[in-house]
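Summary of the model geometry
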Amino acid sequence: MKTYWHQHPETIDRLAAEYALGTLHGGARLRFEALQKTRPDIHRAVWAWHEHLQGMLVAEKPMAVAPGQWDQLENRLFGPAPVPKSAAKRGWLRWFGPIPAGSLALGLLLGTVIMPVWESLHGSAVQTQLPESYVGVLATADNKPGLIISSLRKGMTLDIKQLVAVPVAADQTLYLWTIDKDGKVQGIGPVPSGKFTSAALPQEAEKLFFTAVELAVSVEPKQSQPKQPGGAFVYRGLCGKLWKLPGT
Amino acid sequence: MVSNEEVETLMARVDLGDRHAFKQLHSLVAGQLTAVAMRVLNDRSAAEDVVQDVFVGLWNKASSQAAPVLKSLGWLCVVTRNRALDVVRKRPAEVPLQWKDADGEEKSHDVASDNPGIFEQLQSEQDNRQLQNCMQQLEPAPRKALWLAYCEGLTHVQLAARLQCPLGTIKAWTRRSLMQLKTCMEMPA
C-alpha cells in the first residue's frame, strides 16, 4: 500500500524543522504550509521547533521604540486618540466644565426651536409688530430652562426673566458674558437676581451682542470687572437675533 | 529584562479585549519585537511596520487563534520573525550579498556586527541557558548557519554565499544541527 511523506512522523518532523528554521523553500514550503491548515499535528510539529529555537529571538537586545509608534497603532486600530479633556475644552468650552452636556443640547433646542417657532407665529420683524431684539434662552447646570434675556436690537436695556434661581452670596453677583463663534469670551456686566429684572447695558445691544453666538452667566464678586469668568457658568444658552437676516 | 510571566498575563488580558493591557504589552515588548524584525529586514521602517502588523493581528486575534502553544514572549518573537520573513520573501533581492566595487575589489555584507554575539546574549538569559548549552555543542560553522537562518532568515543559497561553503554542505549542516539541537533540548535539564 502506497504511503505519503506526510504519513511519516519522522519526515514531518524533519520538514517541520526546516520550515521553522526558514530553509524550506519554493513549492515544498507552500505544500507544507497548506498542509498545516488541515493537519494540527503538522502545525504542532512546527511550533515545537519554534519552541526549541525561539530563545535565539528572545535573546535579541531590545531596540528603542521610535516615538509615536503606539499612537500610530492606536490610531490604526481604534481611530484617533481622544484628546485629553483639558485640551479639548478650548476657548469658551472650558468654562462649561461642570455643566452637563445635555444643558448645551437644551440651549440649542430652545435657541433653534423656539426662535423659528416664534418667527413662524409672528413672522419676521419686517412683517410683525415685535421689535427687532436679541433673545437668549439660557439653561441651568441641571439642564432646566433658567434665564431668558432680551434686549431691543438698538436698545440700552437688558430685560431678564429668571426662571430658576441660583445661589448667589451677598458679596457676589451674576455676571453676563457673550461668546463669539471663535469661543472668545467677552464680559458684559452684572445681572441682578430676581424673577423680573432689568439692567442697563454699557453700550447699544447691537454692539455688544451682534457677534455673540452664546450668552452665559457666571457668579463673580460684586464691583468686579473680570476679564475671564472666575468659575463655571451657572446659565448658558444660544443668543438669538429676532429679526429677518439678509438672505434668510 | 522582560518577564515572561508578565507578558503571558498581559496577553491573556489582551485576549479579553483589555486595551490598557494591550498598551502595557506594547510598551513592554515593542522594542524586543522591533529588534527581531530588524534582524531579518535590516530596515528600521519596515521592521516597525511588521511590529505594527503583529500587534494589529494580536488585537484582532488573527494570529493568536493559530497558536498551539502558550502565548509568551517567545511566541510573539516567532510571530514577528515569521511576518518579517514573509516581507522579505515578497520583496525582490535588491542588494547582493557579495559584489565587486568599481576597483574590482570583492565586497561582502557579512561584516562583524557591533552587537553582542548571540552566545553572549544567550548567556545573559536564564531561560535560554538550555538553548545556549545545546548550541554550544554544535560546531561553530553549523551553529552560525543555524543562527543566521533562524534570526536573519537566510536561505540555503544565501547561507552558502555568506559562509563561503558549498550548498550541499550548508544543507547538511542545518539538517544535522537541527536534529542535534532537538535531541539536546529534549534531554532533561
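Treat the numbers as computed from the prediction; the structure is a model and nothing was measured. (Residues numbered from 1 in each chain as written. Chains lettered and ligands numbered in written order. Predicted model: local features only at pLDDT ≥ 70, side-chain atom pairs only at ≥ 80, totals over all residues. Heavy atoms only, no water.)

1. Some remarks on the overall build of chain A
Of regular secondary structure, chain A possesses 8 helices and 8 strands. When each of the 248 residues of chain A is scored for burial, the buried share is 44%. Considering only intrachain contacts with a sequence separation of at least 6, the fraction spanning at least 24 residues in chain A is 64%. Counting every atom, chain A has about 13400 Å² of accessible surface; 59% of that belongs to carbon and sulfur. (Helix = DSSP H or I, 4+ residues; strand = E, 2+ residues; numbered from the N terminus. Buried < 20%, exposed > 50% of the residue type's maximum accessible area, 1.4 Å probe, protein only. Contact = heavy atoms within 4.5 Å. Areas by Shrake-Rupley, 256 points an atom, 1.4 Å probe, with all protein chains shown as cover.)

2. Details of the interface of chain A and chain B
If you look at the interface, chain A gives 39 residues, while chain B gives 56 residues. For the pairing of chain A and chain B, the buried interface totals around 4700 Å² over both sides, and the portion due to carbon and sulfur atoms is 66%. Joining chain A to chain B, the criterion identifies 3 salt bridges. Put simply, B:R39 and A:E60 hold a salt bridge, and the shortest N to O gap is 2.7 Å. (Buried area = accessible area lost by both parts, 1.4 Å probe. Salt bridge = Lys/Arg side-chain N within 4 Å of Asp/Glu carboxyl O.)

3. Observations regarding the pattern of salt bridges
On inspection of all chains with the given rule, the structure shows 12 salt bridges over all chains. When the shortest N-O distance is used, the salt bridge between B:R39 and B:E152 registers 4.0 Å. One end of the pair, B:R39, is in helix α2 (residues 19–41); the other, B:E152, is in helix α7 (residues 140–152), and 113 residues separate them in sequence. The residue B:E152 makes a salt bridge to B:R162 at a minimum N-O spacing of 3.4 Å. Here B:E152, found in helix α7, pairs with B:R162, found in helix α8 (residues 156–163); they are 10 residues apart in sequence, far enough to count as distant. We note that B:E152, like B:R162, is buried. Taken together, the shared-partner salt bridges in this structure form one network comprising A:E60, B:R39, B:E152 and B:R162.

4. Some words on the packing of aromatic side chains
Evaluation of the coordinates by the stated rule reveals 9 aromatic pairs over all chains. The interplanar angle of 85° and the centroid separation of 6.4 Å between the aromatic rings of A:F78 and B:F22 together place this pair among those described as edge-to-face. Separated into two different chains, A:F78 in helix α5 (residues 69–78) and B:F22 in helix α2 make up a pair that spans both. A relative accessible area of 24% means that A:F78 is categorised as partly exposed. Relative to B:W59, the ring of A:F78 lies with its centre 5.2 Å away and its plane at 90°, an arrangement referred to as edge-to-face. Residue A:F78 is located in helix α5, and its partner B:W59 is located in helix α3 (residues 44–59); the two belong to separate chains. The exposure class of B:W59 is buried, given its relative accessible area of 16%. Through a chain of ring-to-ring contacts, three or more aromatic side chains come together here, namely A:W70, A:F78, B:F22, B:F55 and B:W59. In this arrangement the basic side chain of B:R19 is found over the ring face of A:F78, its NZ or CZ atom lying 3.8 Å from the centre. (Phe/Tyr/Trp six-rings, centres within 6.5 Å; stacked < 30°, edge-to-face > 60°. Lys NZ or Arg CZ within 6 Å of the ring centre and 35° of its normal.)

5. Here we look at the packing of helix α1 (residues 9–21) of chain A against helix α3 (residues 40–53) of chain A
Residue and element names in this part refer to chain A. α3 packs onto α1 with a crossing angle of 55° between their chain directions and a minimal axis gap of 8 Å. Classified by the angle between their axes, α1 and α3 sit oblique to one another. For the crossing formed where α1 meets α3, the hand is right-handed. Contact residues: α1 offers I12, D13, A16, A17, Y19, A20 and L21, while α3 offers D41, I42, A45, V46, W49, H50 and L53. Here the contact of α1 with α3 is composed, by residue class, of 11 nonpolar, 1 polar and 2 charged. (Axes fitted to C-alpha atoms, helices over the stretch in contact; angles between N-to-C directions. Parallel < 35°, antiparallel > 145°, perpendicular 65-115°, else oblique. Left-handed = near helix turned anticlockwise from the far one by under 90°. Nonpolar A, V, L, I, M, F, W, Y, C, P; charged D, E, K, R; others polar.)

6. Here we look at the confidence of the model for chain A
In low-pLDDT segments, the atomic positions of the prediction should not be examined closely. Taken over all residues, the pLDDT of chain A has a mean of 79, while the share at 70 or more is 77%. Low pLDDT (under 50) marks residues 121–128 of chain A, which in the prediction has 12 contacts with non-local residues, meaning those over four places away or in another chain. (pLDDT = per-residue confidence, 0-100.)

7. Notes on the nonpolar core
The biggest cluster of nonpolar side chains holds 76 residues, and the ones touching the most others in it are B:F22, B:L25, B:V29, B:F55, B:L58 and B:L76. Counting 24 residues, the second-largest nonpolar core is a separate cluster that includes A:V166, A:I188, A:A205 and A:F209. (Core = buried A, V, L, I, M, F, W, Y, C linked by side-chain atoms within 4.5 Å.)

8. Topic: the confidence of the model for chain B
Counting all residues, the mean pLDDT for chain B is 80, and 76% of those residues have values of 70 or more. Interface scoring of the predicted complex returns ipTM 0.75; its pTM is 0.54.

9. Structural notes on α7(B)
The α-helix advances 3.6 residues per turn, and as a result positions three or four apart in sequence lie on the same side. Residues and elements named next belong to chain B. The terminal C-alpha atoms of α7 lie 17 Å apart, and with 13 residues this matches the ideal 18 Å at 1.5 Å per residue to within 8%. Within α7, 10 of the 13 residues are buried, leaving the element largely enclosed by the surrounding structure. With its phi angle positive at about 75°, G153 sits one or two positions after the end of α7. (Expected span 1.5 Å × (residues − 1).)

10. Section: the state of the cysteines
Here a disulfide denotes one covalent bond, and it connects the sulfur atoms of two cysteines. Residues and elements named next belong to chain B. On inspection of all chains with the given rule, the structure shows 1 disulfide over all chains. Residue C134 pairs covalently with C184 via a disulfide, S to S 2.0 Å. Disulfide C134 to C184: torsion about the S-S bond roughly -80°, handedness left-handed. With C134 in helix α6 (residues 129–136) and C184 in helix α9 (residues 167–185), this pair connects stretches of sequence that are 50 residues apart. No difference in accessibility class separates C134 from C184, as the two residues are buried. (Disulfide = S-S within 2.5 Å.)

11. Re the side chain of A:S151
Structurally, A:S151 can be placed in strand β2 (residues 145–152). If near-sequence neighbours (up to four positions away) are discounted, A:S151 is found in contact with A:S133, A:Y134, A:T157, A:L158, A:L201, A:A205 and A:F209.

12. Quick word on empty space enclosed by the protein
All names here are of chain B. Tallied over the entire structure, the rule returns 2 cavities of 30 Å³ or more. Looking at the second largest cavity, its volume works out to about 30 Å³. Elements that contribute at least two residues to the lining of the second largest cavity include exactly α2 and α3. Of the residues contributing to the lining of the second largest cavity, the split by class is 3 nonpolar, 3 polar and 1 charged. (1 Å grid on protein atoms, 1.4 Å probe; cavity = no way out; pocket = protein on both sides within 12 Å on 5 of 7 lines; lining within 4 Å. Points joined across faces, edges and corners; volume = space filled by probe spheres on them.)

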